Amino acid sequence: IKNKPVGYLGAVVLGMAFAAGWVPCAGPIISSILIIASTSGSRFFGGILLSAYCFGLGIPIFASAVAFDYFLSVYRNTVKYLRFISIVCGLVLIIAGLLLITDNLTNLSNFISHSIGFKGI
């Protein structure tokens, strides 16, 4: 990290930005787990729930940190296609929005489910 342009201060700022963006997503989940754990009457069950939450949150973040150099090499190769990817993703979002507005997203979902032979649960 010493060789990076922003050094330790940049790492702290990046961590703070990541935490600020993550809290609205993780907050309701952890509060729900704490409520279930506190009302279950079993410390063991609460510990299992909290452990599952911690591992489910920590393993992907750890894997992302380990694979970051690989990501950068793949990213360098895809930069030339970034404009095309952005346009395609934007079109997909517009189509999804139109399907939501016209209330046809359910029809599309049902069509796809029946096309692939999904029978339901």
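Basis of the calculations
Residues numbered from 1 in each chain as written. Predicted model: local features only at pLDDT ≥ 70, side-chain atom pairs only at ≥ 80, totals over all residues. Heavy atoms only, no water. Phe/Tyr/Trp six-rings, centres within 6.5 Å; stacked < 30°, edge-to-face > 60°. Helix = DSSP H or I, 4+ residues; strand = E, 2+ residues; numbered from the N terminus. Buried < 20%, exposed > 50% of the residue type's maximum accessible area, 1.4 Å probe, protein only. Patch = residues over 30% accessible without salt bridge, like charges linked within 9 Å, V, L, I, M, F, W, Y side chains within 5 Å. Areas by Shrake-Rupley, 256 points an atom, 1.4 Å probe, with all protein chains shown as cover. Salt bridge = Lys/Arg side-chain N within 4 Å of Asp/Glu carboxyl O. Expected span 1.5 Å × (residues − 1). Bend = angle between axes of the 7 residues up to and from the residue. Contact = heavy atoms within 4.5 Å. Axes fitted to C-alpha atoms, helices over the stretch in contact; angles between N-to-C directions. Parallel < 35°, antiparallel > 145°, perpendicular 65-115°, else oblique. Left-handed = near helix turned anticlockwise from the far one by under 90°. Nonpolar A, V, L, I, M, F, W, Y, C, P; charged D, E, K, R; others polar.

Chemist: A description of the packing of aromatic side chains should follow, citing residues and the corresponding values.
Modeler: Evaluated as defined, the whole model comprises 2 aromatic pairs. On the basis of an interplanar angle of 35° and a centroid distance of 6.2 Å, the ring pair of Phe68 and Phe71 is categorised as tilted. Within this pair, Phe68 and its partner Phe71 are both found in helix H3 (residues 68-78), separated by 3 residues, close to a single helical turn. Judged by its relative accessible area of 45%, Phe71 is partly exposed. Consider the rings of Phe71 and Tyr75, whose centres lie 5.9 Å apart with planes at 25°: the pair is stacked. In this pair, Phe71 and Tyr75 are both assigned in helix H3, 4 residues apart and thus about one turn of the helix distant.

Chemist: A description of a nonpolar patch on the surface should follow, citing residues and the corresponding values.
Modeler: Residues Phe68, Phe71, Tyr75, Val79, Tyr81, Leu82, Phe84, Ile85, Val88 and Val92 make up a contiguous nonpolar surface patch of about 940 Å² in total accessible area. Residue assignment for the nonpolar patch shows that the elements contributing at least two residues are H3 and helix H4 (82-101). Here the nonpolar patch gets 5 residues from one element, more than from any other, and that element is H4.

Chemist: Which residues make up helix H1 (residues 7-40), and what values go with them?
Modeler: With 34 residues, H1 ought to run about 50 Å at 1.5 Å a step, and its terminal C-alpha atoms sit 46 Å apart, in line with that. The largest bend along H1 reaches roughly 45° and is located at Val23, with the proline Pro24 sitting one to four residues downstream. Where H1 is concerned, the buried positions are Gly7, Gly10, Ala26, Ile33 and Ala37. Its buried side turned inward, H1 meets helix H2 (43-66). In the stretch just after H1, Gly41 is the one whose phi turns positive, near 85°.

Chemist: Account for the environment of Val88, with residues named and values stated.
Modeler: Residue position: Val88 is located in helix H4. Judged by its relative accessible area of 34%, Val88 is partly exposed. Sequence separation between Val88 and Ala17 is 71 residues, and the spatial gap between their C-alpha atoms is 28 Å.

Chemist: Break down the environment of His114 for me, citing the residues and quoting the values.
Modeler: Note that His114 resides in helix H5 (residues 105-115). Judged by its relative accessible area of 63%, His114 falls in the exposed class. Placed 48 residues apart in sequence, His114 and Val66 show a C-alpha to C-alpha distance of 40 Å.

Chemist: I'd like a description of the packing of H1 against H2, backed by residues and values.
Modeler: One can describe the packing of H1 onto H2 by two numbers: an axis separation of 8 Å at closest approach and a directional angle of 160°. Taken together, the axes of H1 and H2 lie roughly antiparallel to each other. In the packing of H1 onto H2, the handedness of the crossing is right-handed. When H1 is examined against H2, the residues Phe18, Trp22, Ala26, Ile29, Ile30, Ile33, Leu34, Ile36, Ala37 and Ser40 are found in contact with a partner set consisting of Phe45, Gly46, Leu49, Leu50, Tyr53, Leu57 and Ile61. The residue makeup of the contact of H1 with H2, split by class, is 15 nonpolar, 2 polar and no charged.

Chemist: So what's going on with unusual backbone geometry? Which residues, and what values?
Modeler: One non-glycine residue with positive phi stands out, namely Asp103, at about 60°. Relative to the assigned elements, Asp103 resides in the loop between H4 and H5. With relative accessibility at 59%, the residue Asp103 sits in the exposed group.

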